[in-house]
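# Descriptive structure summary
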Amino acid sequence: NLNSSFVGGVRLNSQGLLFDNGSGASEYVNCSRNSKMSNNYPLSVFSIIFPYNEGADRIICKGSDAANGSWHFRLAATNALYFARRDDSTTLVSRTSSNNSLILNRNNYIGATYLGSNTGTNIKIYNNGAEVSYQTSTDGYTNAGNGTYNFLIGTNNFNILTGYVKLVYFWGKRTLK
(Lines give C-alpha, C1' and ligand atoms only; values in the text may rest on other atoms or scores of the structure.)
Protein backbone atom coordinates (compact mmCIF):
# COMPACT_ATOMS: atom_id res chain seq x y z
CA ASN A 1 0.00 0.00 0.00
CA LEU A 2 1.44 3.35 -1.04
CA ASN A 3 -1.12 5.40 0.88
CA SER A 4 -2.26 7.05 -2.35
CA SER A 5 -4.60 10.03 -2.40
CA PHE A 6 -6.53 11.57 -5.30
CA VAL A 7 -6.22 15.35 -5.64
CA GLY A 8 -8.33 17.58 -7.88
CA GLY A 9 -10.78 16.03 -10.31
CA VAL A 10 -8.95 12.74 -11.03
CA ARG A 11 -11.46 9.95 -11.47
CA LEU A 12 -10.99 6.20 -11.58
CA ASN A 13 -13.24 4.26 -13.93
CA SER A 14 -13.07 1.02 -15.93
CA GLN A 15 -10.54 2.54 -18.36
CA GLY A 16 -8.09 3.82 -15.75
CA LEU A 17 -7.30 7.14 -14.09
CA LEU A 18 -8.98 9.97 -16.02
CA PHE A 19 -7.25 13.34 -15.98
CA ASP A 20 -9.45 15.84 -17.80
CA ASN A 21 -8.69 19.10 -16.00
CA GLY A 22 -12.41 19.70 -15.78
CA SER A 23 -11.93 21.48 -12.48
CA GLY A 24 -9.28 23.82 -13.91
CA ALA A 25 -7.01 22.87 -11.02
CA SER A 26 -4.15 20.48 -10.46
CA GLU A 27 -5.05 16.82 -10.87
CA TYR A 28 -2.81 14.06 -9.60
CA VAL A 29 -2.53 10.94 -7.53
CA ASN A 30 -0.10 11.36 -4.65
CA CYS A 31 1.59 8.02 -4.00
CA SER A 32 3.51 9.41 -0.99
CA ARG A 33 7.16 9.26 -0.03
CA ASN A 34 7.24 5.53 0.43
CA SER A 35 10.81 4.31 1.00
CA LYS A 36 10.26 1.71 -1.74
CA MET A 37 10.25 4.63 -4.19
CA SER A 38 13.53 6.23 -3.20
CA ASN A 39 15.70 7.63 -5.97
CA ASN A 40 17.88 4.58 -6.49
CA TYR A 41 19.75 4.47 -9.78
CA PRO A 42 19.29 3.15 -12.26
CA LEU A 43 15.53 3.61 -12.20
CA SER A 44 12.84 2.74 -14.70
CA VAL A 45 9.21 3.74 -15.12
CA PHE A 46 6.51 2.28 -17.34
CA SER A 47 2.95 3.35 -18.04
CA ILE A 48 0.08 2.76 -20.39
CA ILE A 49 -1.41 6.12 -21.36
CA PHE A 50 -4.23 7.27 -23.62
CA PRO A 51 -3.46 10.98 -24.20
CA TYR A 52 -6.06 13.34 -25.65
CA ASN A 53 -3.69 16.17 -26.58
CA GLU A 54 -0.02 17.07 -26.83
CA GLY A 55 1.92 19.39 -24.60
CA ALA A 56 4.27 19.41 -21.64
CA ASP A 57 1.97 17.21 -19.59
CA ARG A 58 3.42 15.32 -16.63
CA ILE A 59 2.73 11.58 -16.57
CA ILE A 60 4.88 10.41 -13.65
CA CYS A 61 7.17 12.48 -11.44
CA LYS A 62 8.99 12.68 -8.16
CA GLY A 63 9.34 16.28 -7.05
CA SER A 64 8.96 19.29 -9.35
CA ASP A 65 11.09 20.75 -12.15
CA ALA A 66 12.64 23.21 -9.71
CA ALA A 67 13.33 20.70 -6.93
CA ASN A 68 16.86 19.38 -6.55
CA GLY A 69 16.79 15.60 -6.66
CA SER A 70 13.58 15.45 -8.71
CA TRP A 71 12.81 13.56 -11.91
CA HIS A 72 9.87 13.52 -14.30
CA PHE A 73 8.57 11.65 -17.35
CA ARG A 74 6.17 13.67 -19.45
CA LEU A 75 4.73 14.46 -22.83
CA ALA A 76 6.47 17.16 -24.84
CA ALA A 77 5.31 19.33 -27.74
CA THR A 78 4.53 17.65 -31.07
CA ASN A 79 3.75 14.26 -29.51
CA ALA A 80 7.21 13.63 -28.11
CA LEU A 81 8.23 12.01 -24.80
CA TYR A 82 10.65 13.61 -22.34
CA PHE A 83 12.54 12.37 -19.26
CA ALA A 84 14.64 14.63 -17.03
CA ARG A 85 16.51 14.49 -13.72
CA ARG A 86 17.61 17.54 -11.70
CA ASP A 87 20.32 17.42 -9.06
CA ASP A 88 21.24 21.06 -8.66
CA SER A 89 19.49 24.35 -9.22
CA THR A 90 20.63 24.91 -12.80
CA THR A 91 21.24 21.70 -14.72
CA LEU A 92 18.86 19.00 -15.95
CA VAL A 93 20.05 15.72 -17.45
CA SER A 94 17.39 15.10 -20.07
CA ARG A 95 16.37 13.43 -23.28
CA THR A 96 13.52 14.13 -25.71
CA SER A 97 12.20 11.67 -28.26
CA SER A 98 11.64 12.62 -31.87
CA ASN A 99 8.38 14.32 -32.74
CA ASN A 100 5.37 12.06 -33.24
CA SER A 101 6.80 9.26 -31.10
CA LEU A 102 3.39 9.12 -29.46
CA ILE A 103 -0.04 8.72 -31.05
CA LEU A 104 -2.96 10.64 -29.56
CA ASN A 105 -6.31 9.02 -28.75
CA ARG A 106 -4.94 5.49 -28.48
CA ASN A 107 -3.04 3.38 -25.97
CA ASN A 108 0.69 4.03 -25.83
CA TYR A 109 2.88 1.66 -23.82
CA ILE A 110 5.67 3.98 -22.71
CA GLY A 111 8.73 3.61 -20.53
CA ALA A 112 11.97 5.28 -19.58
CA THR A 113 15.20 4.16 -17.95
CA TYR A 114 17.64 6.54 -16.28
CA LEU A 115 21.03 4.95 -15.68
CA GLY A 116 22.14 7.51 -13.08
CA SER A 117 24.87 9.26 -15.04
CA ASN A 118 25.26 12.88 -16.11
CA THR A 119 25.01 11.92 -19.80
CA GLY A 120 21.68 12.52 -21.54
CA THR A 121 22.28 9.66 -23.99
CA ASN A 122 22.12 7.26 -21.02
CA ILE A 123 18.40 7.97 -20.71
CA LYS A 124 16.43 5.47 -22.77
CA ILE A 125 12.80 6.09 -23.79
CA TYR A 126 10.46 3.46 -25.19
CA ASN A 127 7.04 3.36 -26.83
CA ASN A 128 5.10 0.24 -27.77
CA GLY A 129 8.05 -2.07 -27.04
CA ALA A 130 10.75 -0.28 -29.03
CA GLU A 131 13.30 2.37 -28.18
CA VAL A 132 12.35 5.66 -29.86
CA SER A 133 14.62 7.91 -31.89
CA TYR A 134 15.71 11.17 -30.25
CA GLN A 135 15.80 14.85 -31.10
CA THR A 136 17.78 16.11 -28.08
CA SER A 137 19.99 14.83 -25.27
CA THR A 138 21.29 17.21 -22.61
CA ASP A 139 24.15 16.43 -20.25
CA GLY A 140 24.06 17.78 -16.71
CA TYR A 141 25.29 17.35 -13.18
CA THR A 142 24.20 14.37 -11.10
CA ASN A 143 24.83 13.20 -7.56
CA ALA A 144 23.06 11.02 -5.02
CA GLY A 145 19.28 11.10 -5.26
CA ASN A 146 16.88 12.74 -2.88
CA GLY A 147 14.14 10.37 -1.80
CA THR A 148 12.11 12.94 0.15
CA TYR A 149 9.74 13.98 -2.65
CA ASN A 150 6.32 12.51 -3.26
CA PHE A 151 5.80 10.17 -6.21
CA LEU A 152 2.98 11.59 -8.34
CA ILE A 153 0.88 10.36 -11.24
CA GLY A 154 -0.30 13.46 -13.07
CA THR A 155 0.98 16.73 -11.68
CA ASN A 156 0.44 19.37 -9.02
CA ASN A 157 1.47 22.32 -11.17
CA PHE A 158 0.45 23.97 -14.43
CA ASN A 159 1.28 21.05 -16.79
CA ILE A 160 -1.79 18.90 -16.45
CA LEU A 161 -2.15 15.65 -18.35
CA THR A 162 -5.38 15.24 -20.30
CA GLY A 163 -6.34 11.64 -20.93
CA TYR A 164 -6.08 8.28 -19.21
CA VAL A 165 -3.26 6.72 -17.26
CA LYS A 166 -4.06 3.02 -17.19
CA LEU A 167 -1.07 1.49 -15.46
CA VAL A 168 2.12 2.67 -13.75
CA TYR A 169 5.20 0.70 -12.74
CA PHE A 170 8.34 1.98 -11.01
CA TRP A 171 11.56 0.02 -10.56
CA GLY A 172 14.55 1.20 -8.56
CA LYS A 173 17.84 -0.35 -9.66
CA ARG A 174 16.29 -1.93 -12.76
CA THR A 175 16.46 -1.09 -16.45
CA LEU A 176 14.06 -1.61 -19.34
CA LYS A 177 15.46 -3.33 -22.44
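The structure displayed is predicted, hence computed values, not measured ones. (Residues numbered from 1 in each chain as written. Predicted model: local features only at pLDDT ≥ 70, side-chain atom pairs only at ≥ 80, totals over all residues. Heavy atoms only, no water.)

This brings us to the pairing of strand β10 (residues 108-114). With six of seven residues buried, β10 lies mostly within the body of the structure. Two elements, strand β5 (residues 43-51) and β10, share seven bridges in a ladder whose sense is antiparallel. Residue pairing in the sheet places S44 in a bridge with T113 of β10. In the sheet, β10 pairs with strand β11 (residues 123-127) via five bridges, with the strands oriented antiparallel. Directly across from G111, in β11, lies its bridge partner Y126. (Buried < 20%, exposed > 50% of the residue type's maximum accessible area, 1.4 Å probe, protein only. Helix = DSSP H or I, 4+ residues; strand = E, 2+ residues; numbered from the N terminus. Pairing = 2+ DSSP bridges.)

Next up on the list: the environment of S32. You can see S32 is positioned in the loop between β4 (27-30) and β5. Taking the C-alpha atoms as reference points, S32 and S5, separated by 27 residues in sequence, lie 8.3 Å from one another.

Let us look at the sheet that holds strand β12 (residues 130-131). A sheet is described by the order of its strands in space; here seven strands give the open sequence β2-β3-β15-β5-β10-β11-β12, paired in antiparallel fashion. At either end of the open sheet lies a strand with only one pairing partner, and these are β2 (11-13) and β12.

On the surface, L167, Y169 and W171 cluster together to form a nonpolar patch covering roughly 260 Å² of accessible area. Summarising the element assignment, Y169 is placed in strand β15 (residues 163-172). Residue Y169 is classed as partly exposed on the basis of its relative accessible area of 41%. (Patch = residues over 30% accessible without salt bridge, like charges linked within 9 Å, V, L, I, M, F, W, Y side chains within 5 Å. Areas by Shrake-Rupley, 256 points an atom, 1.4 Å probe, with all protein chains shown as cover. Salt bridge = Lys/Arg side-chain N within 4 Å of Asp/Glu carboxyl O.)

Among the five residues that make up strand β6 (residues 58-62), five are buried, leaving the element largely enclosed by the rest of the structure. Inspection of the sheet shows β6 paired to strand β7 (residues 71-76) by four bridges, in the antiparallel sense. Residue I60 lies in a different strand from β7, and its bridge partner there is F73. Pairing of β6 with strand β14 (residues 151-155) involves three bridges; the strand directions are antiparallel. In the sheet register, C61 faces β14, and the bridge partner there is L152.

When the sulfur atoms of two cysteines share a covalent bond, that bond is a disulfide. Under the counting rule described, the total for this entry stands at zero disulfides. Left unpaired, C31 is separated from the closest cysteine sulfur, that of C61, by 9.8 Å. C31 sits in the buried class, given a relative accessible area of 5%. Judged by relative accessible area, which is 0%, C61 ranks as buried. (Disulfide = S-S within 2.5 Å.)

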